[in-house]
Amino acid sequence: MSFLSSRAWALQQVLRGINNAKGLFFLALALASLSLTIPVFVASIVYGLSEPLRSVPVSPEVTVFTDDGITKSQMTNLEARIGRHEHVMKITTIPKEEAFKALNENLGIKTNNNDKSANPLPDLIIVTLDQNMAPEDIEKTAKNIEKLSGVDMVAYDSTWLTKLNAIYDALFNLGVIFTIITLMLLVCVITASVRLATDAQKNELSMLYLFGASASFSIRPYAWRGFLTMGLAAVIALGLSRFATGFLNEALQSVGNQYGTSIVISTLPWEFNAGFIVFCSLLGGLIASIITQRAIAKIERID
C-alpha cells in the first residue's frame, strides 16, 4: 500500500473498531475522563489559590542602615559598591525623611515635618538579591556589605526563605506522587481497553501477520484509537473540571460575601490545556502501541 492508502485503511479500521465495540470504547473513554478529571480539578484549585502567592515577591532582601550624616555623593558611591556584589538584583534607596514618615504613619503618630532633629533614622538602602540564593550565600553577601565604609549595620532574615523552600519541596513531592498514581491508573485503563480490543480482533491480527503485514501497519489502527481515546478523555476532563470549578466559585462567592472579600478560582491557562491534551493523546497512542506490539509478538511465538 502507498503512504496515503495505508493511513486511510488505518482510519477506516479505527472507525470500524469503534462502531463494532461501542460499549468498550465509551467505557474506556468514561474511565479515562474521570481519571483525568481528578488531577485537572486539583490543579485548577491549586493554581487558582496560589495566584495571589505568585504575585508576592519572594526574593531575599538586605536592609542597609547607613552612617549618620552620610553625604549624597557618599551614598551614590556606596550604592555603586553594593551593586558590584554578585547576586544583587536591585537597589532601592529610602531617604530617612521618607522612612521616618512611613514609620510614624504605621504607628499613628503625628509629627512636625519641620523638626528634623526628631528623626533618629538614617538613610536606608534595600538590597534585593537573587531569589535562588542559598541562605548561607545571603549571609555571606550581607556580611560583605556590612564591611563597606558608610554602612552602620545590616538587617536580614533568611529563615522564612528556608521554610518556604521546605514547603515548596513538600508540595512538589506530593505532586509527583499524585501524578505517578494518576499515570498508573491511566495506564491500567488504556491497557485494559486495548487488550480487550486486540483480543476481540485477534483473528484480524493473525490474518495481517499471515499476509506479511509489517508491525507498524498492524499497530497503527490501535495506536490511533488509543490516541483518540485519550485525546477525547483529556478534552472531557478539562470540560468537567471547568464546570466543577464554576460550581465551586459560586459557593466560594457566597462565603466571600459573608467576610467582605472575593475568592475566585481562575481557570488554567490555555497553554496548560493544550499541552495536557497533546500529552494525554501521545500517552494513549504509546500505550496502545506497546500493548498491540506484545499481542503481535505472542502471535509470532505461537506460529
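Coordinates for the structure precede this section.
Okay, so let's go over this structure. Owing to the predicted nature of the structure, the values given are computational and were not obtained by experimental measurement.

1. Describing the packing of aromatic side chains
Right, on to step 1. Counted under the stated rule, the structure contains two aromatic pairs.
Right, on to step 2. Ring centres of Phe-25 and Phe-26 lie 5.3 Å apart, and the angle between their planes is 75°; this geometry places the pair in the edge-to-face category.
Right, on to step 3. The class for Phe-25 is buried, based on a relative accessible area of 8%.
Right, on to step 4. According to the relative accessible area criterion, Phe-26 is partly exposed, its value standing at 47%.
Right, on to step 5. On the numbers, 5.9 Å between centres and 15° between planes, the contact of Phe-272 with Phe-276 is stacked. Here the residue Phe-272 and the residue Phe-276 both occupy positions in helix H9 (residues 270–302), the gap between them amounting to four residues, near one helical turn.

2. Side note on a negative patch on the surface
Right, on to step 1. Together, Asp-67, Asp-68, Glu-146 and Asp-152 line one region of the surface with negative charge.
Right, on to step 2. Tracing the backbone through its elements, the reader meets Asp-68 in the loop between strand S1 (61–66) and helix H3 (72–83).
Right, on to step 3. Classification of Asp-68 as exposed rests on a relative accessible area of 70%.

3. What to know about the sheet that holds S1
Whenever strands of a sheet pair, they do so through backbone hydrogen bonds, lying parallel or antiparallel.
Right, on to step 1. In space, the four strands of this open sheet follow the order S2-S3-S1-S4, with antiparallel pairing throughout. Bordering the open sheet on either side are strand S2 (88–94) and strand S4 (151–155), each of which pairs with just one other strand. The sheet shows a mean angle of 20° between the axes of neighbouring strands, direction not considered.
Right, on to step 2. Examined bridge by bridge, S2 and strand S3 (residues 124–129) share six bridges and lie antiparallel to one another. Bridge pairing in S3 places Ile-94 opposite Leu-124.
Right, on to step 3. In this fold H3 packs onto S1, S2, S3 and S4, with an angle of close to 160° to the strand it touches most, S2.

4. Notes on the pattern of salt bridges
Right, on to step 1. In this structure the tally under the stated criterion is one salt bridge.
Right, on to step 2. Taking the shortest distance from any N to any O, the salt bridge between Glu-139 and Lys-143 comes out at 3.2 Å. Separated by four residues within a single helix, Glu-139 and Lys-143 lie in helix H5 (residues 135–146), roughly one turn from each other.

What counts and how
Residues numbered from 1 in each chain as written. Predicted model: local features only at pLDDT ≥ 70, side-chain atom pairs only at ≥ 80, totals over all residues. Heavy atoms only, no water. Phe/Tyr/Trp six-rings, centres within 6.5 Å; stacked < 30°, edge-to-face > 60°. Buried < 20%, exposed > 50% of the residue type's maximum accessible area, 1.4 Å probe, protein only. Helix = DSSP H or I, 4+ residues; strand = E, 2+ residues; numbered from the N terminus. Patch = residues over 30% accessible without salt bridge, like charges linked within 9 Å, V, L, I, M, F, W, Y side chains within 5 Å. Areas by Shrake-Rupley, 256 points an atom, 1.4 Å probe, with all protein chains shown as cover. Salt bridge = Lys/Arg side-chain N within 4 Å of Asp/Glu carboxyl O. Lys, Arg positive; Asp, Glu negative; His and termini not counted. Charge placed at Lys NZ, Arg CZ, Asp CG, Glu CD. Pairing = 2+ DSSP bridges. Axes fitted to C-alpha atoms, helices over the stretch in contact; angles between N-to-C directions. Contact = heavy atoms within 4.5 Å.

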